[in-house]
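Structure assessment
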Amino acid sequence: MLTVSHLNKSFPGLDVLEDFSLTVPRNGFTALVGPSGCGKSTFFDVLTGVENKDRGEILWLGQSMANLGKNAAYMQQKDLLLPWLSLLDNALLPTRINGEDFRESKEKALAYFQRLGLGGFEGYTPQKVSGGMRQRCALVRTLMFEKELVLLDEPLSALDAITRRSLQSMLLLLQSEFKKTILMITHDVEEALLLADEVLVLTQLPMRIQERFVPSMPKPRKGSDPELIQIKEHIMEELQGELKDEPL
């Protein structure tokens, strides 16, 4: 279980996180949605150790730690693949960094490539494949870190709508097949409702949890489901209200 308790983070003249708390159950999938500039990215920066927290506690599986840098895999909206390496070599970077057995790691990566629809493209460089394929490769690389906890920062936002929808099913595999615990940031309310067990709606700064939604239908879900449509409309109204209240 991931537990964040009474987290605080401020910059000169700006309080971003103030007494912020949340819990993500083990093998759970929690999504954070909120208006732009509400502090979501700063929150992830604190979790990963890019920024130091001012106060509060971060616990993973009951163990308190300064940050999650060594205990979580992190997938961002940009694939960050190295253009001079093949897709396979990009995926194998975590194992090279950690000094793991190359043959065993390569076999594991090849199995992931097959499972995620990249079979036959292992030798291609990133510029020779589509954005969706690059992001699938980034997902393989994330799995190769072999961390139970995965942080997703808008991982599909740079993709077109059709590719994005197909890759949403890939993200579901992180939880259903690979047994990961997932915390995701997204601006796409429907995406959050399709993927997450719990959707937390955030306020403007200082960031806090305004509402919590737990869709009742099992996954995979459809955006046309009346319950999801109703929740989506409600969340959109709340977020628009936050934007109206933002000072000019």
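Quick caveat, the model's predicted, so the values are computed rather than measured.

1. Some remarks on unusual backbone geometry
The omega torsion across Leu 205 and Pro 206 is -10°, close enough to zero to call that bond cis. As for its position among the elements, Pro 206 is in the loop between strand S9 (198-202) and strand S10 (209-213). Note that the residue after Lys 219, namely Pro 220, is joined by a cis bond; omega there is 0°. Mapped onto the secondary structure, Pro 220 falls in the loop between S10 and helix H8 (226-245). One non-glycine residue, Asp 19, adopts positive backbone phi at about 55°. Counting through the fold element by element, Asp 19 comes out in strand S2 (residues 14-24). Classification of Asp 19 as partly exposed rests on a relative accessible area of 46%. A positive phi angle, near 50°, is found at Glu 154, a position not held by glycine. Structurally, Glu 154 can be placed in the loop between strand S7 (149-153) and helix H6 (161-176).

2. Overview of the sheet that holds strand S8 (residues 181-185)
Taking strand neighbours across the sheet as the criterion, the six strands line up as S6-S7-S8-S3-S9-S10 in an open arrangement whose pairing is mixed. In this open sheet, the two strands that pair with only one neighbour each are strand S6 (72-75) and S10. Direction aside, the axes of adjacent strands within the sheet are offset by 20° on average. In this structure, strand S3 (residues 29-33) lies alongside S9, joined through four bridges in parallel fashion.

3. Considering the packing of helix H4 (residues 102-115) against helix H5 (residues 131-144)
Each packed pair of helices is defined by two parameters, the angle between the axes and the distance between the axes. Orientation of H4 relative to H5, taken along the N-to-C sense of each, is 140°, at an axis distance of 10 Å. Classified by the angle between their axes, H4 and H5 sit oblique to one another. Our pair here, H4 against H5, has a crossing hand that is right-handed. Residues Ser 105, Lys 108, Ala 109, Tyr 112 and Phe 113 of H4 lie in contact with H5, whose contacting residues are Cys 137, Val 140, Leu 143 and Met 144. In terms of residue class, the contact of H4 with H5 is made up of seven nonpolar, one polar and one charged.

4. Section: the packing of aromatic side chains
With the rule as written, the count across this model stands at five aromatic pairs. Ring geometry for Phe 20 versus Phe 43: centroids 5.1 Å apart, planes at 65°, classification edge-to-face. Of this pair, Phe 20 sits in strand S2 while Phe 43 sits in helix H1 (residues 40-48); the two residues are 23 residues apart in sequence, bridging distant segments of the chain. For the residue pair Phe 20 and Phe 43, the accessibility class agrees, reading buried in each case. Feature note: the residues Phe 20, Phe 43, Phe 44 and Tyr 74 constitute an aromatic cluster, connected by ring pairs.

5. Description of the environment of Met 236
For Met 236, the location among the structural elements is in helix H8. Sequence separation of Met 236 and Gly 123 is 113 residues, and the distance between their C-alpha atoms is 43 Å.

6. A short note on the side chain of Thr 186
Mapped onto the fold, Thr 186 is located in the loop between S8 and helix H7 (189-195). Ignoring sequence-local partners within four residues, the contact set of Thr 186 consists of Leu 32, Val 33, Gly 34, Glu 154, Arg 164, Glu 191 and Ala 192.

7. Side note on the sheet that holds strand S5 (residues 63-65)
With antiparallel pairing, the four strands of this open sheet are ordered in space as S2-S1-S4-S5. With one partner strand each, in any of the chains shown, S2 and S5 form the two edges of the open sheet. For this sheet the average axis-to-axis angle between neighbouring strands, irrespective of direction, equals 30°. By the bridge criterion, seven bridges tie strand S1 (residues 2-11) to S2 in an arrangement that is antiparallel.

8. Points about the nonpolar core
Counting 50 residues, the largest nonpolar core has Phe 113, Val 140, Leu 152, Leu 174, Val 199 and Ile 235 as the members making the most contacts within it. For this core, the element with the most residues is H5, which contributes seven residues. The residues contacting Ile 235, other than those within four sequence positions of it, are Val 33, Val 189, Leu 193, Val 199, Val 201 and Phe 213. If you look at the next biggest cluster of nonpolar residues, it comprises 26 residues, including Leu 2, Leu 68, Ala 72 and Ile 185.

9. With respect to the packing of H5 against H6
Where H5 meets H6, the closest approach of the two axes is 11 Å, and the angle between their N-to-C directions is 10°. Between H5 and H6, the angle falls in the class roughly parallel. From H5, Gly 132, Gln 135, Arg 136, Leu 139 and Leu 143 reach across to H6, where they touch Thr 163, Ser 166, Leu 167, Met 170, Leu 171 and Leu 174. Considering only residue class, the contact of H5 with H6 consists of six nonpolar, four polar and one charged.

Basis of the calculations
Residues numbered from 1 in each chain as written. Predicted model: local features only at pLDDT ≥ 70, side-chain atom pairs only at ≥ 80, totals over all residues. Heavy atoms only, no water. Helix = DSSP H or I, 4+ residues; strand = E, 2+ residues; numbered from the N terminus. Buried < 20%, exposed > 50% of the residue type's maximum accessible area, 1.4 Å probe, protein only. Pairing = 2+ DSSP bridges. Axes fitted to C-alpha atoms, helices over the stretch in contact; angles between N-to-C directions. Parallel < 35°, antiparallel > 145°, perpendicular 65-115°, else oblique. Left-handed = near helix turned anticlockwise from the far one by under 90°. Contact = heavy atoms within 4.5 Å. Nonpolar A, V, L, I, M, F, W, Y, C, P; charged D, E, K, R; others polar. Phe/Tyr/Trp six-rings, centres within 6.5 Å; stacked < 30°, edge-to-face > 60°. Core = buried A, V, L, I, M, F, W, Y, C linked by side-chain atoms within 4.5 Å.

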